[in-house]
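The residues making up each chain are set out below.
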Amino acid sequence: MQTESFEEKRRYKRIAIDGEAECEIFSVEPQTLRMRSRKDKMQVKVNNLSLGGLQIITDTQIHNEQILRMKIRFQAVDSFIWGYSQVRWCTYDDTSGKYRVGLQF
């Protein structure tokens, strides 16, 4: 049996975290229109984090290139950060029945 060497292609190392995020799809629209419509906010689980991005787990499919406005909460230190990220990939996970989404800062 031959073993192949695995080459990590990510630029930054990812670490698993216990976090949640509230996010919404960012759109540039006039303030008056934004006030009239309610944006759907999603509650997602943050699976891992790196200097370049993060992976979230959600019930909703999110399309590539979407920009998300996020409030990321870290359970271990009871703090949060605000940020924007762009969807790079989204795939359905048969095991969990949810979507895994790769985001780039």
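The structure displayed is predicted, hence computed values, not measured ones.

Rules used in this analysis
- Residues numbered from 1 in each chain as written.
- Predicted model: local features only at pLDDT ≥ 70, side-chain atom pairs only at ≥ 80, totals over all residues.
- Heavy atoms only, no water.
- Helix = DSSP H or I, 4+ residues; strand = E, 2+ residues; numbered from the N terminus.
- Buried < 20%, exposed > 50% of the residue type's maximum accessible area, 1.4 Å probe, protein only.
- Contact = heavy atoms within 4.5 Å.
- Areas by Shrake-Rupley, 256 points an atom, 1.4 Å probe, with all protein chains shown as cover.
- Salt bridge = Lys/Arg side-chain N within 4 Å of Asp/Glu carboxyl O.
- Polar contact = N/O pair within 3.5 Å; in protein donor to acceptor, adjacent residues only side chain to side chain.
- pLDDT = per-residue confidence, 0-100.
- Phe/Tyr/Trp six-rings, centres within 6.5 Å; stacked < 30°, edge-to-face > 60°.
- Lys NZ or Arg CZ within 6 Å of the ring centre and 35° of its normal.
- Core = buried A, V, L, I, M, F, W, Y, C linked by side-chain atoms within 4.5 Å.
- Pairing = 2+ DSSP bridges.

### Details of the overall build of the protein
A tally of regular secondary structure across the protein gives one helix and six strands. The helix and strand sequence of the protein, counted from the amino end, reads β-α-β-β-β-β-β. The buried share of the protein, reckoned over its 105 residues, is 30%. In the protein, 52% of the contacts between residues at least 6 apart in sequence involve partners at least 24 apart. Entry remark: accessible area of the protein is about 7900 Å², with carbon and sulfur atoms responsible for 49%.

### Brief notes about the pattern of salt bridges
Counting across every chain of the model gives five salt bridges. With a shortest N-O distance of 2.6 Å, D59 and K98 are connected by a salt bridge. Note that D59 is positioned in the loop between β3 (53-58) and β4 (67-74) and K98 in strand β6 (residues 98-104), a separation of 39 residues in sequence. D59 gets classed as exposed once you look at its relative accessible area, which sits at 56%.

### Re the side chain of S85
Inspection of the secondary structure assignment puts S85 in strand β5 (residues 79-93). Those residues in contact with S85, other than ones at most four positions away along the chain, are Q66, I67, L68, M70, L103, Q104 and F105.

### A closer look at the side chain of T58
Residue placement: T58 occurs in strand β3. Looking at T58, the relative accessible area reads 4%, which means it is buried. For T58, the side chain forms a polar contact with the main-chain nitrogen of T60, separated by 3.2 Å.

### Here we look at the confidence of the model for the protein
Across the protein, pLDDT averages 83, with 79% of residues at or above 70. Within the protein, β6 carries the highest mean pLDDT (95), whereas helix α1 (residues 31-36) carries the lowest (54).

### What to know about the packing of aromatic side chains
In this structure the tally under the stated criterion is three aromatic pairs. Judged by centre distance (5.2 Å) and plane angle (70°), the ring pair of Y92 and Y99 falls under edge-to-face. Over the face of the ring belonging to F80 we find K71, whose NZ or CZ atom lies 4.4 Å from the ring centre.

### Section: the nonpolar core
Membership of the largest hydrophobic core comes to 18 residues, with the highest contact counts inside it found for L54, I56, L68, M70 and L103. For this core, the secondary-structure elements that each account for two or more residues are β1 (15-25), β2 (42-49), β3, β4 and β6. Not counting residues up to four positions away in its chain, the partners in contact with L54 are R14, V46, N48, L49, M70, I72, V101, G102, L103 and F105.

### Looking at the pairing of β2
In regular strands, side chains alternate between the two faces of the sheet. Of the pairings in the sheet, the one linking β1 to β2 comprises seven bridges and is antiparallel in character. Bridge pairing links G19 to V46 in β2. Between the end of β2 and the start of β3, which pair antiparallel, lie three residues.

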